[in-house]
Amino acid sequence: MSDQQQTLSIPSLLLLAAFTALTIRYFFFTKPSTTTPRANPRGANPADVEQVVTMFPQIGRREIIWDLQRNGGSIAATTERILARGGLDAPPLSFQPPIPASATPSTAGTSPGQMKPAHVDLITRYNLSSKISSPLSTPSDGTGTGSQRGSQTQTWSNNKNERQALLQRRREEMILNARKKLEEKERQQLGQRT
Amino acid sequence: MASTIASRRLFHEYKLLTSNPPDGITAGPVSEDDIFLWEALIQGPDGTPFEGGIFPAELKFPKDYPLNPPSMRFTSEVWHPNVYPTGLVCISILHAPGDDPNHYEKASERWSPIQSVEKILISVMSMLAEPNDESPANIEAAKMWRDRREEFERVVREGVRRSLGVS
């Protein structure tokens, strides 16, 4: 009887010892190690963010942090994306990383009330600011240049690069025309009021 | 094998959409190196608060397209009952016939290989004009659309102006 108890108690003693060790370790040794890991558990490295911001000041920090976070912190991938697409995806609204106070973009919160993600406008995003002709000089949408006429008829090319360029131009024209129209509308409304 | 079918079909659709583009829609691959990722620009339909706006969206196609539909996400701000705050578009044509969690969609409205990118984009355009408040993706926008229509329209118009950089 006592023999049997003896044999049982050795493994249970070992278990108890292991359990105690773990408990002590849990209470006394893990605390410091859980509080020290990275300050921002799933955030991007602030230095990386800064680096991208200096390269592309027109892109919002929030977008950059979001993109870095999604691609595992690769500056190269984020840069590539900005260069290829002229901008980054807008992060979801729920994504509000801590942004240094000095760095908050001045465009934030332009309109009261609704939730406003800090979206970059299309002119900035597609890099069209240089192509906005002065509004007064071109009152109607761009019928002036011959190349635009040409693009109406030729839309498909068998050359891959040409196709890409044509698509790009159609996108740009669409945005620029929309902007011109809106500006014209605003002017008319202003004219009516005064 | 499936992905070659998918890329051929996508290329074909790209060609059709380019040679004969529907009004107010420009769409194509972001880069032909990856035919499974497209960018589309949709013009806001006339006679709606979205009028005059240009709404860019990203379409991601599965490797087994056209068996399964792409996902579509607006990459700019779109305040609309059927667009999640993340930009993800929620309409029946983007749902595979199999999955209908809410059981309100008719099978004929859902995705099938006879649909196309063009049909998706046209459906999204008409969704902008006529929100469906049976399946709100953006609850706040849906409430505002239902109860405070004027405010809804004002918010949308402001978004349009902001997105075109006119202020």
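Residues numbered from 1 in each chain as written. Chains lettered and ligands numbered in written order. Predicted model: local features only at pLDDT ≥ 70, side-chain atom pairs only at ≥ 80, totals over all residues. Heavy atoms only, no water.

An unreviewed UniProt entry lists chain B under the name Ubiquitin-conjugating enzyme E2 2, from Lepraria neglecta. Taken verbatim from the UniProt record of chain B, the Catalytic activity (unreviewed entry) comment is "S-ubiquitinyl-[E1 ubiquitin-activating enzyme]-L-cysteine + [E2 ubiquitin-conjugating enzyme]-L-cysteine = [E1 ubiquitin-activating enzyme]-L-cysteine + S-ubiquitinyl-[E2 ubiquitin-conjugating enzyme]-L-cysteine." The UniProt entry for chain B carries the following comment under Sequence similarities (unreviewed entry): "Belongs to the ubiquitin-conjugating enzyme family." (UniProt positions renumbered as here; feature names shortened; annotations may be inferred.)

Looking at an unreviewed UniProt entry, one finds chain A named Coupling of ubiquitin conjugation to ER degradation protein 1 and attributed to Lepraria neglecta. The Sequence similarities (unreviewed entry) field of the UniProt record for chain A holds the comment "Belongs to the CUE1 family."

**Q** I tried to follow the overall build of chain B on my own but got confused; where do I start?
**A** Each helix and strand in chain B was counted, giving 4 helices and 4 strands. Moving toward the C terminus, one meets the helices and strands of chain B in the order α-β-β-β-β-α-α-α. When burial is assessed residue by residue, chain B has 53% of its 167 residues classed as buried. Only carbon and sulfur atoms are counted for the fraction: they give 53% of the accessible area of chain B, which is about 7500 Å². (Helix = DSSP H or I, 4+ residues; strand = E, 2+ residues; numbered from the N terminus. Buried < 20%, exposed > 50% of the residue type's maximum accessible area, 1.4 Å probe, protein only. Areas by Shrake-Rupley, 256 points an atom, 1.4 Å probe, with all protein chains shown as cover.)

**Q** Whenever I open this one, the UniProt feature "active site" (unreviewed entry) in chain B confuses me. Can you help?
**A** All names here are of chain B. The UniProt entry lists C90 under the feature "active site" (unreviewed entry), expressed in the numbering used here. Here C90 shows up in the loop between β4 (71-74) and α2 (117-129). In contact with C90, other than residues within four places in its own chain, are N82, Y84, H95 and A137. (Contact = heavy atoms within 4.5 Å.)

**Q** Just checking my understanding: could you explain the pattern of salt bridges for this structure?
**A** Scanning the entire structure with this criterion turns up 22 salt bridges over all chains. Here E183(A) and R179(A) are joined by a salt bridge, their closest N and O atoms 3.0 Å apart. A residue pair is termed a helical-turn pair when its members lie 3 or 4 positions apart in one helix, as E183(A) and R179(A) do in helix α7 (residues 160-193) at 4 residues. Of the two residues, E183(A) and R179(A), both sit in the buried class. A cluster of three or more residues bridged by salt bridges with shared partners is formed by D67(A), R70(A), R81(A), R85(A), D89(A), E58(B), K60(B) and R73(B). (Salt bridge = Lys/Arg side-chain N within 4 Å of Asp/Glu carboxyl O.)

**Q** What am I meant to see in the environment of V89(B) here?
**A** All names here are of chain B. With respect to the helices and strands, V89 occurs in the loop between β4 and α2. Judged by its relative accessible area of 6%, V89 is buried. In sequence terms V89 and M127 are 38 residues apart; their C-alpha atoms lie 9.7 Å from each other. Discounting chain neighbours no more than four positions away, the residues touching V89 are M72, F74, N82, L94, V124 and M127.

**Q** Please explain the interface of chain B and chain A as it appears in this structure.
**A** Note on interface size: it is often stated as the accessible area lost on association of the parts. Contact with chain B, which involves 42 residues of that partner, is made by 31 residues of chain A. When chain B packs against chain A, the two sides together hide about 3500 Å² of surface, and 56% of this comes from carbon and sulfur. For the chain B face of the interface with chain A, the top three residues by lost area are T26(B), E32(B) and L164(B), together amounting to 15%. Linking chain B with chain A are 6 salt bridges, by the criterion used here. A salt bridge links R171(A) to E39(B), with the nearest nitrogen and oxygen atoms 3.0 Å apart. There are 12 residue pairs in polar contact (both at pLDDT 80 or more) connecting chain B and chain A. Where the side of chain B that touches chain A is concerned, the elements lending two or more residues are α1 (2-19), β1 (25-31), β2 (34-43), β3 (54-60) and α4 (149-163) of chain B. (Buried area = accessible area lost by both parts, 1.4 Å probe. Polar contact = N/O pair within 3.5 Å; in protein donor to acceptor, adjacent residues only side chain to side chain.)

**Q** Would you explain the packing of aromatic side chains in this entry?
**A** Each pair of aromatic rings is reported with the distance of its centres and the angle of its planes. This structure, assessed with the given rule, holds 9 aromatic pairs over all chains. Seen in terms of ring centroids, F50(B) and F55(B) are 5.7 Å apart; in terms of plane orientation they differ by 70°. Their pairing is edge-to-face. Across the pair, exposure class does not vary: F50(B) and F55(B) are buried alike. Taking 5.6 Å as the distance between ring centres and 35° as the angle between the ring planes, the aromatic pair formed by Y65(B) and W111(B) counts as tilted. With Y65(B) in the loop between β3 and β4 and W111(B) in the loop between β4 and α2, this residue pair connects regions lying 46 residues apart in the sequence. For W111(B), a relative accessible area of 0% translates into the label buried. Members of the aromatic cluster, each reached through a chain of ring pairs, are W156(A), F11(B), Y14(B), W38(B), F61(B), Y65(B) and W111(B). For K63(B), the ring lying beneath its charged end belongs to F36(B), and the centroid distance is 4.0 Å. (Phe/Tyr/Trp six-rings, centres within 6.5 Å; stacked < 30°, edge-to-face > 60°. Lys NZ or Arg CZ within 6 Å of the ring centre and 35° of its normal.)

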